[in-house]
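Report on the structure
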Amino acid sequence: MSAAFVRAETLPPQPAPFATGGLGGWFARRLLATPGDVAMTIVGFAAFVLIVVPLLRFLVLDAVWSGESRDDCIKASGACWPFVAAKFNQFVYGFYPYDELWRPNLVFALGLLLLVPLMIPAAPFKRLNAILFFGVYPIVGFVLLTGGNLDFQRFFIGRFVRISDYVDVGNWRGFRGSFWLDFAATAVVLTAAIAIVARMFRTRFVTSLKAMLVVFGALALLLAPADADFGLRWVESREWGGLLVTLVVAITGIVASLPIGIALALGRRSNMRLVRWVSIAFIEFWRGVPLITVLFFATYMLPLFLPGGASIERLVRALIGVALFAGAYMAEVVRGGLQAIPKHQYESAAALGLGYWRTMGLVVLPQALTSVIPGIVNNFIGLFKDTTLVQIVAILDLLGQIRAAFADPNWAAPTTLYTGFAFAGGIYFIFCFAMSRYALFLERRAGAGALRIEGAMR
Amino acid sequence: MSGFAKAPDAAAVEMSGVNKWFGAFHVLRDIDLQVARKERIVICGPSGSGKSTLIRCINRLEDHQSGRIVVDGVELTSDLRSIDAVRADVGMVFQQFNLFPHLTVMENCTLAQIWVRGRPKAEAEAVAMRLLERVRIPEQADKYPAQLSGGQQQRVAIARALCMNPKIMLFDEPTSALDPEMIKEVLDTIRSLAEDGMTMLIVTHEMGFARQVADRIIFMDEGQIVEANRPEEFFNNPRHERTKQFLSQILP
């Protein structure tokens, strides 16, 4: 006998032992294993029966499926679906003029057409798609929904001098000559001024010229379509309503909140004291006031502070309020992600000569944002449902429109109210659940990423 | 690249009277160090002696509070442009590899080439591929860092730094986080670089490697350079008491 041991061959791997199977076995093991389990199973089953059965009866079994007016629903104990069918257009478009409904429909269709490929990772032309969705689509949507042709009068110089007194450049397709002359003159003057000032700080002339050209070019691209006359009838936002308004407010808030939040989060972590303080003050202010207050303020008090005659459109005011509010919340989520990025990532980016913005944009933010997808989407979902607060300033979103429809005596039946709310709940649920599922998909996709990050931090 | 005038025969790195404090703690005390072009310097010393801080000052991952540091003719000041000019020309390899986990090996290598050097993507990829071949892992180009072993990750980190065509390479304990089996592959890579005449400053505890590669070995303790000498002199005939003590602990 010898004490040494040398393995002659590697042991083959063996399959794991089978768990005891069968449906009965599953029940016994999972539901009825202990007295506690038995009790919980009974409670759970009872809750299921108490909730699902009445819901099913109300929504489906006892519901009225067709009819013309309240007379068909008055005796029913279930949902009054003809009410929803009759008011459906109102729920979706509000009081948008019937002849012009193709416009919101086109906006919905375009949005879907651009959003779906954007959300599918494998779809090609991502960059073009993103530019179209985030850059072009909002402008097209704005023109289609409002009708555009804003007829701008004065840009900047025109506020001090009446340009039309000196030169008459006429109008063309909704473009007012004096405005665009004003715009061009302001652009030239401001560009020259800034280039000269920047020269003193050793920035090259061409660099500042390019930068200003980009700024004014972007501004012109933004203003021109809104000013042009496409022959569309002007539809005031007062006539909009329903799901259309809900989506406009929610999507604007969602799309705007992320860049605002990123900017604020970076500002809050900046080494520059002024930037940091301003960011903190901004974030804490917006987080400290309720959204209702913000909307009230934007709608009723802001006009009092603006110089005489200047007014911003009612819905636009609400949109700005919602975007800033959501941005402040987003900032804290993003900051959480930024804090999770280890210091050595900043260092290795710095050692390669990547400056602040490239380090943030190429190294830090891609990792930080991926790690806070659940928080970001949580904010989006919360925002989507919070948009319904715009009712408080007399903007009728989906829920507001449904509640307005309750007042119709033609449909005054005992279950109308519940039907309307069930419908609203269903719509909100579809949107929020879709967002949640998509986020889960993104997380799974980035799941390999989480593993990657852990691996690199070993 | 930069608009800074460079003396043609300036030393690669020139440190004179450099002092640095972390709060009240005096980490670097009156450091004077000249590194000639193509010189290979190994810095060793007990932990906390300021070795890492010293080389991190050279690309200003740490700033110094007094004294002068001139890298390739550019003095390091708080001027951001001088820092960027230096960083683009000084490659650094870290103890913890510090690859970008969200990017593939290839993307890790091309990122700074494209965004800092302004190279077209195709050219950057060609450069990256050449250097990945040089560190003998071209087949891993499309993997993510976490799919690689520590030694492979460190070799990618070396390739990533080399992609910028650095004039000076800094290695901050490049093998300290590696399993013993992987240390050799990384050291071999660094050795082949040394043979090509790269200016290098290496912080390491691998004394055998130091003996083979270094032109000069610098021993630091308590933030000061205690002894600097050619390897054979340094190992066979250490002069300072502290050096002798250190070598007796570290050598078998």
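Predicted, not measured: the structure shown is a model, and the values here were computed from it.

1. Section: the overall build of chain A
For chain A, the helix and strand inventory stands at 18 helices and two strands. Taking 23 Å as the expected radius of gyration for a compact globule of 458 residues, we find that chain A reaches 29 Å, considerably beyond that expectation. Along the longest, intermediate and shortest principal axes, the C-alpha atoms of chain A span 105 × 85 × 40 Å. Per-residue burial over chain A gives 38% buried out of 458 residues. By sequence separation, contacts in chain A at least 24 residues apart represent 72% of the contacts at least 6 residues apart.

2. Notes on the overall build of chain B
Helix and strand counts for chain B come out as nine helices and ten strands. Taking 18 Å as the expected radius of gyration for a compact globule of 252 residues, we find that chain B reaches 18 Å, a close match to that expectation. Along the longest, intermediate and shortest principal axes, the C-alpha atoms of chain B span 55 × 45 × 35 Å. Taking all 252 residues of chain B together, the buried fraction comes to 57%. When contacts within chain B are restricted to residue pairs at least 6 apart in sequence, those whose partners lie at least 24 apart make up 65%. Accessible surface computed for chain B: about 10,500 Å², of which carbon and sulfur atoms make up 48%.

3. Brief notes about the interface of chain A and chain B
The figure often quoted for interface size is the accessible area lost as the parts come together. The interface of chain A with chain B comprises 23 residues on the first partner and 27 residues on the second. Across the interface of chain A and chain B, roughly 2,300 Å² is buried in total on both sides, 59% from carbon and sulfur atoms. At the junction of chain A and chain B, the tally comes to one salt bridge. The closest approach of N and O atoms between E347 of chain A and R56 of chain B, which form a salt bridge, is 2.5 Å.

4. Notes on the state of the cysteines
Enumeration according to the criterion identifies one disulfide over all chains in this entry. Across the disulfide from C73 of chain A sits C80 of chain A; the S-S distance is 2.0 Å. Of note, the bridge from C73 of chain A to C80 of chain A carries an S-S torsion of about 75° and is right-handed in sense. For C80 of chain A, a relative accessible area of 0% corresponds to the buried category. Its sulfur unpaired, C44 of chain B is 18 Å from the next cysteine sulfur, which belongs to C57 of chain B. You can call C44 of chain B buried: its relative accessible area is 0%.

5. Observations regarding the sheet that holds strand β1 (residues 13-22) of chain B
Pairing between sheet strands relies on hydrogen bonds along the backbone, with the strands arranged either parallel or antiparallel. Residues and elements named next belong to chain B. An order of β2-β1-β4-β5 is seen for the four strands of this open sheet, with the pairing classed as antiparallel. Taken across any chain shown, the strands that pair with only one partner, and hence form the sheet edges, are β2 (25-35) and β5 (74-75). Inspection of the sheet shows β1 paired to β2 by seven bridges, in the antiparallel sense. Bridge pairing links V18 to I31 in β2. On the sheet, helix α1 (residues 51-58) packs against β1, β2 and β4 (66-71) and is oriented at approximately 120° with respect to β1.

6. Describing the sheet that holds strand β7 (residues 168-172) of chain B
Residue and element names in this part refer to chain B. With mixed pairing, six strands are arranged side by side in an open sheet as β6-β7-β8-β3-β9-β10. A single partner strand is all that each edge strand has here, and the edge strands are β6 (90-93) and β10 (224-229). Here the strands of the sheet are splayed against their neighbours by 20° on average, with no regard to which way each runs. Here four bridges tie β6 to β7, and the two strands are oriented parallel to one another. Across the sheet, residue V93 finds its bridge partner in β7, namely F171. The sheet contacts of α1 involve β3 (40-44), β6, β7, β8 (199-203) and β9 (216-221), and relative to β7 the element is tilted by about 150°. Contacts from helix α2 (residues 80-89) reach β6 and β7, with the element oriented near 65° to β6.

7. Some points on the nonpolar core
Soluble globular proteins: nonpolar side chains tend toward being buried together. One finds Y96, W240, L338 and V363 of chain A to be the most contacted residues of the largest nonpolar core, which totals 62 residues. Of all the elements, helix α13 (residues 314-339) of chain A adds the most residues to this core, at eleven residues. Aside from chain neighbours lying at most four places away, what touches L338 of chain A is A265, L266, R269, Y346, V364, L365 and A368 of chain A. Counting residues in hydrophobic clusters, the runner-up holds 47 residues, among them V42, A128, V135 and F235 of chain B.

8. What to know about the packing of aromatic side chains
Residues and elements named next belong to chain A. Going through the model one piece at a time under the given rule, you end up with 27 aromatic pairs over all chains. Ring geometry for Y93 against F108: centres 6.4 Å apart, planes inclined by 35°, an arrangement best described as tilted. With Y93 in helix α4 (residues 81-93) and F108 in helix α5 (residues 102-119), this pair connects stretches of sequence that are 15 residues apart. Residue Y93 is classed as buried on the basis of its relative accessible area of 11%. Relative accessible area serves as the criterion here: at 25%, F108 is assigned to the partly exposed category. Considering the side-chain rings of F282 and W286, the 5.8 Å spacing of their centres and the 45° angle between planes classify their relative orientation as tilted.

9. Examining the pairing of β10 of chain B
All names here are of chain B. The sheet contact formed by β9 and β10 spans five bridges and is antiparallel. Residue pairing for β10: F219 is matched across the bridge by E227. Remark: two residues form the turn of the hairpin made by β9 and β10, two consecutive strands paired antiparallel; E222 in that turn has positive phi of roughly 50°.

10. A look at helix α14 (residues 343-351) of chain A
Residue and element names in this part refer to chain A. The element α14 is extensively covered by neighbouring structure, given that seven of its nine residues are classed as buried. Those residues of α14 lying buried are H344, Q345, E347, S348, A349, A350 and A351. Two residues or fewer past α14, G353 is found with a positive phi of approximately 90°.

11. A closer look at a nonpolar patch on the surface
Residues and elements named next belong to chain A. Side chains of F45, F48, V49, L50, I51, V52, V53, L55, L56, V60, L61 and W65 sit close together on the surface and give an oily, nonpolar patch of about 1,200 Å² of accessible area. As for its placement among the helices and strands, L61 is situated in helix α2 (residues 35-61). Among the residues examined, L61 registers a relative accessible area of 60% and is labelled exposed.

12. Some words on the side chain of T104 of chain B
Residue and element names in this part refer to chain B. In this fold, T104 is placed in the loop between β6 and α3 (105-115). Relative accessible area serves as the criterion here: at 11%, T104 is assigned to the buried category. Residue contacts for T104: discarding those within four places in its chain leaves A141, D142, K143 and Y144.

13. Brief notes about the pairing of β4 of chain B
Residues and elements named next belong to chain B. Two elements, β1 and β4, share five bridges in a ladder whose sense is antiparallel. Residue pairing across strands places N19 opposite S66, the latter belonging to β4. Relative to β5, β4 is paired through two bridges, and the arrangement is antiparallel. Of the residues in β5, the one forming a bridge with V71 is V74. Taken together, β4 and the strand that follows it, β5, pair antiparallel across an intervening segment of two residues, in which D72 is found at a positive phi of about 50°.

Rules used in this analysis
- Residues numbered from 1 in each chain as written.
- Chains lettered and ligands numbered in written order.
- Predicted model: local features only at pLDDT ≥ 70, side-chain atom pairs only at ≥ 80, totals over all residues.
- Heavy atoms only, no water.
- Helix = DSSP H or I, 4+ residues; strand = E, 2+ residues; numbered from the N terminus.
- Rg over C-alpha atoms; globule rule 2.2 N^0.38 Å.
- Buried < 20%, exposed > 50% of the residue type's maximum accessible area, 1.4 Å probe, protein only.
- Contact = heavy atoms within 4.5 Å.
- Areas by Shrake-Rupley, 256 points an atom, 1.4 Å probe, with all protein chains shown as cover.
- Buried area = accessible area lost by both parts, 1.4 Å probe.
- Salt bridge = Lys/Arg side-chain N within 4 Å of Asp/Glu carboxyl O.
- Disulfide = S-S within 2.5 Å.
- Pairing = 2+ DSSP bridges.
- Axes fitted to C-alpha atoms, helices over the stretch in contact; angles between N-to-C directions.
- Core = buried A, V, L, I, M, F, W, Y, C linked by side-chain atoms within 4.5 Å.
- Phe/Tyr/Trp six-rings, centres within 6.5 Å; stacked < 30°, edge-to-face > 60°.
- Patch = residues over 30% accessible without salt bridge, like charges linked within 9 Å, V, L, I, M, F, W, Y side chains within 5 Å.

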